[in-house]
Amino acid sequence: MAVLLPRVSPWRRTLRVLQFLAVLWCSLMLGLYLSYKVVERQWMIRSLPAAIEPRGVVLLADDGGFRESCGAAVFRLSGDTAQRLQEHGLQYLEQALQARRNNDRYGHFEQWQQTPLDIDVDEGLIGLSCAEPDKDLQRRIYQAAGRPGSFYAKKDDGLLLVLPSEGLIMFGYSG
Amino acid sequence: MATLMQRSGQGFIGLMCGATLGYCVEVLLGLVIASWPFNPLFTSLAVISMVLQASYWQRMYREPGLMRQGMVGGLMLMGALWLFYFHV
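Residues numbered from 1 in each chain as written. Chains lettered and ligands numbered in written order. Predicted model: local features only at pLDDT ≥ 70, side-chain atom pairs only at ≥ 80, totals over all residues.

**Observations regarding the sheet that holds strand β2 (residues 70–77) of chain A**
All names here are of chain A. What counts here: Should DSSP find at least two bridges between two strands, the strands are taken to pair. Per the convention used, a helix needs a DSSP run of H or I reaching at least four residues, while a strand needs a run of E reaching at least two, with both numbered from the N terminus. A pair of residues counts as a contact when their C-beta atoms, built from backbone coordinates, are within 7 Å of each other. Note on geometry: axes are C-alpha line fits, over the in-contact stretch for helices, and angles between N-to-C directions span 0 to 180 degrees.
Read across the sheet, six strands follow the order β1-β2-β6-β5-β4-β3 without closing on themselves; strand pairing throughout is antiparallel. Of all strands in the sheet, those with a lone pairing partner are β1 (54–62) and β3 (113–114), marking the two edges. Helix α1 (residues 10–45) contacts β1, β2 and β6 (168–174) of the sheet and is inclined by roughly 110° relative to β1.

**Some details on the interface of chain A and chain B**
We apply this condition: In this classification, Asp, Glu, Lys and Arg are treated as charged, Ala, Val, Leu, Ile, Met, Phe, Trp, Tyr, Cys and Pro as nonpolar, and every other residue, Gly included, as polar.
Taken together, the contact pairs 18 residues of chain A with 18 residues of chain B. Contributions of two or more residues to the side of chain A that touches chain B are made by α1 and β1 of chain A. Looking at the side of chain A that touches chain B, its residues break down into 12 nonpolar, three polar and three charged.

**So, the environment of W36 of chain B**
Residues and elements named next belong to chain B. Inclusion rule: Buried residues are those with 20 or more other C-beta atoms within 10 Å of their own C-beta, exposed residues have 12 or fewer, and partly exposed residues lie in between; C-beta atoms are placed from the backbone.
Considering the arrangement of structural elements, one finds W36 in the loop between α1 (2–29) and α2 (40–52). Under the C-beta neighbour-count criterion, W36 is labelled buried, with 24 such atoms within 10 Å. Residues W36 and G74, 38 residues apart in the sequence, show an inter-C-alpha distance of 17 Å.

**Some details on the packing of α1 of chain A against α2 of chain B**
Each packed pair of helices is defined by two parameters, the angle between the axes and the distance between the axes. The following threshold applies: Roughly parallel means an angle under 35 degrees; roughly antiparallel means over 145; roughly perpendicular covers 65 to 115; every other angle is labelled oblique. Note: crossing handedness is left-handed where the near helix turns anticlockwise from the far helix by less than a right angle, and right-handed where it turns clockwise.
Their axes nearest at 9 Å, the elements α1 of chain A and α2 of chain B cross at an angle of 150°. Comparing the axis directions of α1 of chain A and α2 of chain B gives the class roughly antiparallel. For the crossing formed where α1 of chain A meets α2 of chain B, the hand is left-handed. For the pair α1 of chain A and α2 of chain B, contact is made by Q19, A22, V23, C26, S27, M29, L30 and Y33 of chain A and by F42, L45, A46, I48, S49 and L52 of chain B, respectively. Broken down by class, the residue content of the contact of α1 of chain A with α2 of chain B amounts to 11 nonpolar, three polar and no charged.

Given below as structure tokens:
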């Protein structure tokens, strides 16, 4: 029996335990981070009115502020919503004025309007610069927002853009 | 009982290895398509974890077993999470 079981010195065993604990700690941290990302994604989806159905994240980032932050969430637009927008246009969004997650004024959007959106040259689209999108995504959003065919709704500290031509939804916030 | 615990432990280690590898691959995937953003803290943590896992990877390479199955499970878990986050 003594021949069959490999003898491991105590320091080597300690090293193995430490190695396992370090790997376990790293995995736990990674698990917590990814769980946070999933919760953040669901929170942002709940910031959109129920009539606007997203299909997967394109970009979700902010400047990391604690109480007040600036950032943007860009989602793909679901096929269903895109089709309804194509059929009914602005009329489809008329009732889409309240975020999924709350019924108070913080979740309330002003009336929907058609683009082109008047974009402040210095400030750009609210929240988007804080999310630091790549140049191609930024170009697509700005181009679609600057020509007819898309829709937007403002709220106190945010802007919601639906861009059917690019198949994108952008929700930018600051405050 | 001891064998059962040892086997579950091996599967769990494999799961952690697979999940870490999956995360690193997905961060690299971000160079081409939408994927986990490069986060300096967590990407470094994953790379350090991969280095610490070197002996486990050697073991998985040498002998197929529960650890390797756990690794495949970890990879699949990360793949499923990625699909949910970016495509559902």
